[in-house]
Number of protein chains: 2
Amino acid sequence: MKIICNQKILANKVSTVQKGVSNKTTLPILKGIFIETLDNKIKLIGNDLDLGIETFLDAEIIEDGSIVIDSRLFGDIIRKLPDSLVEITTDSENNICITCESSEFKIKGHDPSEYPKPEEVDENRFYELPEELFKNMIKQTVFAISQDESKPVLMGELLEVHDNDINLVALDGYRLAIRSSNIENNVGNSKVIIPGKALNEVNRILSEEEGTFKIAFTDKHCLFLIKDTKIITRLLEGEFINYNQLIPREYNLRVKVDTKKLLNSIERASLLAKEGKNNLVKFSIRDDNMTITSNSEIGNVHEEIPIVLEGEDLDIAFNSRYFIEALKILDSDEIYLELTTNVSPCILKPVTGDNYIYLLLPVRISANS
Amino acid sequence: MKIICNQKILANKVSTVQKGVSNKTTLPILKGIFIETLDNKIKLIGNDLDLGIETFLDAEIIEDGSIVIDSRLFGDIIRKLPDSLVEITTDSENNICITCESSEFKIKGHDPSEYPKPEEVDENRFYELPEELFKNMIKQTVFAISQDESKPVLMGELLEVHDNDINLVALDGYRLAIRSSNIENNVGNSKVIIPGKALNEVNRILSEEEGTFKIAFTDKHCLFLIKDTKIITRLLEGEFINYNQLIPREYNLRVKVDTKKLLNSIERASLLAKEGKNNLVKFSIRDDNMTITSNSEIGNVHEEIPIVLEGEDLDIAFNSRYFIEALKILDSDEIYLELTTNVSPCILKPVTGDNYIYLLLPVRISANS
């Protein structure tokens, strides 16, 4: 193989595929990046068997070929080279020579035929989705994914597509986040569980600009095609919880409150709450006012915020973290809290629009605590 | 005590004194910030007995008093409060109440009479020094301080002042950095060893603008007065090494080289060098060219840079880190390397000016390594 390409572009593309490379792998070749010539481009792959990232860049191909090169070292070298043309040559023994201006690196590579490439997905099965929308859908749900390895199915998000409707759902046993959307083109019918790690990578690569990307499903994989970059992830197996039955359809009281004010007050209250075990903050809902309090050995805090209340008064307690994480990603200036009793779930939703529901469980507290 | 002050200014000043608070202290009260009213100001102190930081801010004093409050919690609370007026009141039991708009915190404080305040220094003994100059002097030397706790005297820098001359010197047994300066006003005669930790704090607080700060010495302490912030540090005891005798007065060859090019080449070479044990990079100096090479199990690198050589050819090896750290802080576009043999010290200095000398020891290598 002999190729010439631009240093800045190569450095950028190497950073993209490095996110697919695992350092913890037991298969040493997976610590490398796979490089292959392809017409007037080179293809780079990073792959940990669960998640693969492929990307392409323009290059002058002097001799076709392929190689696997240690990901960390290759990235460090390419990033440190001057902004100029980089030449990479390999021989039949997998020796690599990287030159750029007056720098020359000679490194031992790995046999590219031993590299396990990610699954191929038939491009006919692709649907188009808006980039900015899907990025936002991930951002508003992915934080609610479970980190508990004993429940692997909850370490991913349920993606439901049905004609023009699309739902992304995460839950961890304490809270549930559902982001829905209605899109112009028909996206068929699928119901898959995508690992959180893959969604975080997709979120990183999706831009906040207008435009579309492509998505395709097989029985065991999901593929995202975002400009020149492909992300192939293994799907999680198992049955996702029937989340619809968890959502209460009625409430006894509804609170309208300013999102930013509520976030700031809970964040301050949590400074003392985090000294305790539960991150416990207590809400007292009365007429046009909500007080948020927290106690710990070192002191206590009392916050007041104006609200609009429909329904009865209520005292209820929550883990502050579950509130803070949701309030941070809501793009609505005002929200509703829909409540029933102090032991039943609280629903948090934007005042306008019906595309987001966040449900969280209260913390049961004794009458005199 | 009852005071009212601005949230933003208080948050800023708390951050300043927090750098003087140690989390590792065995004296629990030193985890607190000392607060005291003083005319129309409040004084804040953070102090770990070796290093104390004091600062002042304007406040409305409604009732005089003092208190000690947990540093981390106080800082977190003040930073999270809205940009408004903060009222802090204490009672005779050292209970603290912090209010700001509709937030109210009640926290238990500590008895201020038990707080060990930093040493006072007689203000008549102050000398003035230019801020930007001294900041630069610290930056160009402090990285060469030893981290070896078995040689405490080398964990600080020697500050020599003599009439209009001032020297700051750091050495760690492998390299030596000397920054000298000639200033307008006479600064008397002193020779003290200032702990690296204190110099890093002074560097952080000094601005890069024109202006002066004040410095004073006692037998055991050094005090820096930078606008309304005082830094009081205990001096290190012991005799500093007679560094002048370490500097070779002659050389066999002198290399003129571009600072940035040399830095970039050594940084690239060190990507392979750091895989070995010594961070070893080898220089081959020949006529108008210097090659920098490094080998490790995973490969090798060869860099070339143009030089202007006076004197003989030489092959010599170094720990790349010692070169990189010095080249990063030099503000001269070109430097001289002055060399004698491949086992004697190398001097690195700017091509223009004689206010900086950096000496580093080579690594001895066998002829065929």
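Note that the structure is a prediction, hence the values are computed from the model and not measured.

Attention now goes to the overall build of chain A. Tallying secondary structure elements over chain A gives 6 helices and 26 strands in all. Summarising its shape, the C-alpha atoms of chain A cover approximately 75 × 50 × 35 Å along the three principal directions. In chain A, which comprises 369 residues, the share counted as buried stands at 55%. Considering only intrachain contacts with a sequence separation of at least 6, the fraction spanning at least 24 residues in chain A is 66%.

It is worth spelling out the packing of helix α5 (residues 259-273) of chain A against helix α6 (residues 320-329) of chain A at this point. All names here are of chain A. In contact at an axis separation of 10 Å, α5 and α6 are set at 145 degrees when each is read in the N-to-C sense. Crossing of α5 over α6 shows left-handed handedness. In this structure, α5 contributes T259, L262, L263, I266, E267 and S270 to the contact, and α6 contributes S320, F323, I324, L327 and K328. Of the residues belonging to the contact of α5 with α6, the class tally is 6 nonpolar, 3 polar and 2 charged.

What follows covers the pairing of strand β17 (residues 229-234) of chain B. Residue and element names in this part refer to chain B. With respect to burial, β17 is a largely interior element, 5 of its 6 residues being buried. Sheet topology places strand β4 (residues 51-58) next to β17; 5 bridges connect them, and they run antiparallel. By the bridge assignment, T55 is partnered in β17 with T229.

Residues and elements named next belong to chain A. When cut into domains, chain A gives domain 1 (2-114), domain 2 (124-244) and domain 3 (248-360). Measuring from the centre of the C-alpha atoms in domain 2 to the corresponding centre in domain 3 gives 28 Å. Contacts between the two partners involve 13 residues from domain 2, matched on the other side by 14 residues from domain 3. Where domain 2 abuts domain 3, roughly 1200 Å² becomes buried across the two surfaces, and 50% of that area is made up of carbon and sulfur atoms. Per-residue buried area on domain 2 facing domain 3 is highest for Q140, F143 and R175; these three make up 43% of the total on that side. The interface formed by domain 2 and domain 3 contains 1 salt bridge. Note that R175 and E325 form a salt bridge whose closest N and O atoms lie 2.8 Å from each other. Here domain 2 is connected to domain 3 by 10 residue pairs in polar contact (both at pLDDT 80 or more). Among the secondary structure elements, those contributing two or more residues to the side of domain 2 that touches domain 3 are α3 (131-139) and β13 (175-182). Ranked by residues supplied to the side of domain 2 that touches domain 3, first place goes to β13 with 6 residues. A breakdown of the residues in the side of domain 2 that touches domain 3 according to their chemical character gives 5 nonpolar, 4 polar and 4 charged.

Attention now goes to the relation of the copies chain B and chain A. At an RMSD of 0.0 Å, chain B and chain A line up after a rotation of 180 degrees and a shift of 0.0 Å along the axis. Taken together, the turn and the small shift mark the pair as related by a two-fold rotation axis. Here 100% of the interface residues in chain B have copies in chain A that are interface residues too; the copies meet face to matching face.

What counts and what doesn't
- Residues numbered from 1 in each chain as written.
- Chains lettered and ligands numbered in written order.
- Predicted model: local features only at pLDDT ≥ 70, side-chain atom pairs only at ≥ 80, totals over all residues.
- Heavy atoms only, no water.
- Helix = DSSP H or I, 4+ residues; strand = E, 2+ residues; numbered from the N terminus.
- Buried < 20%, exposed > 50% of the residue type's maximum accessible area, 1.4 Å probe, protein only.
- Contact = heavy atoms within 4.5 Å.
- Axes fitted to C-alpha atoms, helices over the stretch in contact; angles between N-to-C directions.
- Left-handed = near helix turned anticlockwise from the far one by under 90°.
- Nonpolar A, V, L, I, M, F, W, Y, C, P; charged D, E, K, R; others polar.
- Pairing = 2+ DSSP bridges.
- Domains from an automatic or database assignment.
- Buried area = accessible area lost by both parts, 1.4 Å probe.
- Salt bridge = Lys/Arg side-chain N within 4 Å of Asp/Glu carboxyl O.
- Polar contact = N/O pair within 3.5 Å; in protein donor to acceptor, adjacent residues only side chain to side chain.
- Least-squares fit on C-alpha atoms with pLDDT ≥ 70 in both.

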